[in-house]
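Commentary on secondary and tertiary structure
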Amino acid sequence: MVTYARPLLAVEHLTMRFGGLIAINDLTFTAQRGEITALIGPNGAGKTTVFNCITGFYKPTKGRIALVHGVPTMWKELDALTRRGARSIRRPNGGLFLLERMPDYLVARHARVARTFQNIRLFAGMTVLENLLVAQHNPLMAASGYTVLGVLGLGYAFAERAAIDKARHWLDITGLLARADDPAGDLPYGAQRRLEIARAMCTDPMLLCLDEPAAGLNPRESGELNALIRSIRDRHATSVLLIEHDMSVVMEISDHVVVLDYGVKIADGTPDEIKNDAKVIAAYLGVADDKVAATEAEVGL
Amino acid sequence: MATADLAAPNTRIDLGRALRDAGITAVLTFLLLLPLIGFKTVQNIHNELALETRWPLLFGFVALAAVGRLVYSLTVLPWRERRARRMPAAAAGPSPLRAALARWLPRAAIGFVLVYPALVLATAGFGGAAKWIDNFGIQILIYVMLGFGLNIVVGLAGLLDLGYVAFYAVGAYSYALLAKTFGLSFFMLLPLAGCLAAFWGILLGFPVLRLRGDYLAIVTLAFGEIIRLVLINWVPVTNGYAGISGIPRPTFFGIPFNADDNGFAATFGLEFSPIYRTIFLYYVILALALLTTFVTVRLRRLPIGRAWEALREDEIACRSLGINTTNTKLTAFAMGAMFGGFAGSFFATRQGFISPESFTFLESATILAIVVLGGMGSQMGVAIAAIAMIGGTEILRELEVLKSVFGPDFDPAQYRMLLFGFAMVAIMVWRPRGLIATRAPSVFLKERKTIAGSLVKEGHG
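What counts, and at which threshold
Residues numbered from 1 in each chain as written. Chains lettered and ligands numbered in written order. Predicted model: local features only at pLDDT ≥ 70, side-chain atom pairs only at ≥ 80, totals over all residues. Buried ≥ 20, exposed ≤ 12 C-beta atoms within 10 Å, placed from the backbone. Helix = DSSP H or I, 4+ residues; strand = E, 2+ residues; numbered from the N terminus. Pairing = 2+ DSSP bridges. Contact = placed C-beta atoms within 7 Å. Nonpolar A, V, L, I, M, F, W, Y, C, P; charged D, E, K, R; others polar. Domains from an automatic or database assignment. Axes fitted to C-alpha atoms, helices over the stretch in contact; angles between N-to-C directions.

All names here are of chain A. Of all the five residues making up strand 3 (residues 36-40), five are buried; the element is thus mostly covered by neighbouring parts of the structure. Alternating residues of strand 3 divide into Ile36, Ala38 and Ile40 and Thr37 and Leu39, and every residue in both groups is buried. Bridge count for strand 3 against strand 10 (residues 256-261) is four bridges, and the pairing is parallel. Opposite Ala38, over in strand 10, you have Val257 as the bridge partner.

Quick look at the structure:
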C-alpha cells in the first residue's frame, strides 16, 4: 500500500464527485519527504481538486489522505487511527494526520500543509510585510496571550520582532525586501507569485503545495522560481507538491511526477520515465485518428 | 509651443456648450421640481382636496439652477481644466502638509476634547453651557463610541452589520435592569453590560457565520428588529413601550450629584448646579471613547486585528494560513458588541429613562453611515463623521437665522434627514471610500506608507 521508504504524504483511493461529475477517480500516490513531487495533466484533469482535498478545502467523497511528521514509524498506526475515527495522533517525536477528516485551517495549523492558489490570493490591501505576519498568526496569537496580554502591552513586542525577522528572511530569499512596505496589490505579477510562496513558507510547512506557480511568468522568472523551489526543498525541511503546466519547470526540478487525466492516474515515476510514457504522450498530444480506438482501450477510457 | 497651441482651444470659454448645459439643467430641474414645487395640494372651502399651481416659485428655482450651471460652466470648469493641465496626475503624492496634519490632528483633537467643557463654560457661562456639553459633547461622543465599535465589525473585519443597535439596546437594558434590581453602581455594571452585549454578539455571530454580503446584512437587520420587538413585548421585564424610568443616575464615585448636604456640590464646597453631573458624564463618555480608540488601535497591531483585516481581504487565503475564521469573526462581533454595550449602559445612565423607541433601525443606519462616511477602518474618519452627522443635525436646531429666510414656520430640525441624504450623496460622489480613504499599515520595516483605498477591499461578509 505505502510503497516508498519514507513517504510524507500518502493519498489512497481518493475519489471526489460533484453531483454526477467524477473529478477524481480512485487516485493513489505518495509524496516523499525531501522531494519535489509534481502533479501534471491536461486542463480539467482534476489536479486542483486533489489540492483542495489535501488542504481540506474539499471533503473527498471517498479515500484516505495521510501525512506523517517526524519518525516514519508513525505509519504503523495508520489503520488503527482510521478505525478509531479520530483525526490525528500528535506526539513529541512525530504525528500522523488524516487530512480528509480535518477542516482546512487545521490542515494548515497542525498538519502544517501550506498552499498557494492558481489565481493568486494575497491580501492586496495589506503591505507585503503584513501579509507575512498574517501567515504567522497562530504562533503570534499565542505570544500575545490570545490578545489579552497583547492589549495590555505585555510581552508581545519580542515575538513580533522575531516574526518580522522571519518575514525579512523570506523577503530576502524571494527578492522582495525592497518592497516590504508596499501594498501587496501593487506588486507586479511575478513578485506576487513569489510573495505567495514566501507567505506560505512563513507558516513553517512540512508540505508546500504550489498550484501553478510558474503560470504567467517569463522564462527568466520561471528560472528564478526553479531555484527558489529547489532551495526550499534543500535548505528547509519542506517537501513540495507542485501542479504545473510548464514542462520546463516540471522536468527540471521534480524528483517524482504523477500524471492525471480525467481524474485518473495514468502514470507515476521519475521525469525521464514520464517523458517517454506512451499514455502521457497520448493524453497531452493526442494520437493519430486510426489509433484512437486502440489508444483509448489501452488508456482505459 | 506645440502643446500651447493644442491647449488653446480648450482654455477658451465655450459659450455655446455652457448655454446648452444650462438649458439641459433647466429642463431637468423643471421636470424634477414640477411635482415637488409646481403643485401644492390645498383644501378648498368645500373641504375638498384641490391642486394649486405655483408657477412663479417653480420658475424661480429653474432659473436659479440654470444660472448656477451657466456660472459654473463659465468660471469653475475652465479653472479646473487649467489646474488639471498644470498639475500632472503623477505629481499626486503625500505632501508634507498632509503628513503633518495626519501626525498632529489626533493629538490636537484629543487636547481639544479634554478642555472642551472648560472652553464652553468660559464662553457660554454656567447657564448656557449645559446644552453645549450635553447636546454636542456627550451626544456626539456616544456616536463616536458606537462608530468605533461598529468600525471593528464593518471597517476591519468587513462584516456588514445592519443591526448594531441591538447591542446598544442590550447594554442599555442590562444596565437599567441590573441597576434598578440590585442597586449596583455604574462602574460595576459597565463591564457586566459590556460582557452581556458581547455574549449577544457571539450569539448573533454563530448563525450568521456562513452568510456573506447581502445575506449577512439582512440577518443582522432582522436581529436588530428581533431585539427591539422582544423589548416591546416582554412587558414583565422590560415594561414594553412604556420603557424603564428612574434608572439610577451616575454618582461621583459614590457621591451623588444632588443638592443634599452629602451631594457633590456640598462636599466640594461649590454652589449646586446640574452642570457638574453633565461635565462628569462628559468625561465618563470621553474616557470610554478614548479607551475604545486605544484598544482598537492596539488590536489593529496585534495578530487578531491583522487577522480581521486579512479576513476582509480574502477569507480563503486566511484559512489556508491556519487562521480559524469562525473564531476570528466571532471575536470581531464580540468586540464590536462590547463597545456598543458600554455605550448603551452609558446612554441609560445619562438619560435616566430608556424605551424601545431609542433603538430603532434608524439608529443602526446612522451608526453605519458614520462608519461609511468616515472611511471604513479609520478611527479619525469615524470621529469626524460622527461630529458632522450628529453635530450637524444638532446644529440645525440652533439655526434660527433660517427662519428669517424661510418664514417663521420653518423648523430646521425637520430637515435633518435631508442633510443626511445630501451628506451621503456628496460623499459618494467625491470620496466614495469615505473621508479618510487610505489605510495605514499596522507594521512597517523601513517607512510607513499609506495604502490607497482602491487596493483595500471592503469585505464580502
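Listed as interface residues are 34 residues of chain A and, on the opposing side, 34 residues of chain B. Mapped onto the side of chain A that touches chain B, the elements with two or more residues apiece are helix 3 (104-109), helix 4 (128-135), helix 5 (137-143), helix 6 (148-152) and helix 7 (156-174) of chain A. Of the residues forming the side of chain A that touches chain B, the biggest block, five residues, is contributed by helix 4 of chain A. Taken together, the residues of the side of chain A that touches chain B break down into 15 nonpolar, ten polar and nine charged.

Per the domain assignment, the segments making up chain B are domain 1 (2-89) and domain 2 (104-430). Placing the centre of domain 1 of chain B and that of domain 2 of chain B at their C-alpha centroids yields a distance of 41 Å.

Residue and element names in this part refer to chain A. Entries for chain A in the domain assignment read domain 1 (1-112 + 206-301) and domain 2 (119-203). On a C-alpha basis, the centres of domain 1 and domain 2 stand 27 Å from each other. Listed as interface residues are ten residues of domain 1 and, on the opposing side, ten residues of domain 2. Of all the secondary-structure elements, those providing two or more residues to the side of domain 1 that touches domain 2 are helix 3, strand 8 (207-211) and helix 9 (219-235).

Moving on, we get to the sheet that holds strand 8 of chain A. Within a beta sheet, neighbouring strands are joined by backbone hydrogen bonds and run either parallel or antiparallel to one another. Residue and element names in this part refer to chain A. Sheet architecture is open: six strands sit in the order 7-8-9-3-10-11, paired in mixed fashion. What marks the edges here is a single partner per strand, and that holds for strand 7 (113-115) and strand 11 (264-269). On average, each strand axis in the sheet is tilted by 20 degrees relative to the strand beside it, whichever way the strands run. Across five bridges, strand 8 lies against strand 9 (residues 239-243) in parallel orientation. In the sheet register, Cys209 faces strand 9, and the bridge partner there is Leu241. Docked against the sheet, helix 1 (residues 47-54) engages strand 3, strand 7, strand 8, strand 9 and strand 10, running at close to 150 degrees with respect to strand 8. Packed on one face of the sheet, helix 12 (residues 278-285) meets strand 10 and strand 11 and runs near 125 degrees to strand 11.

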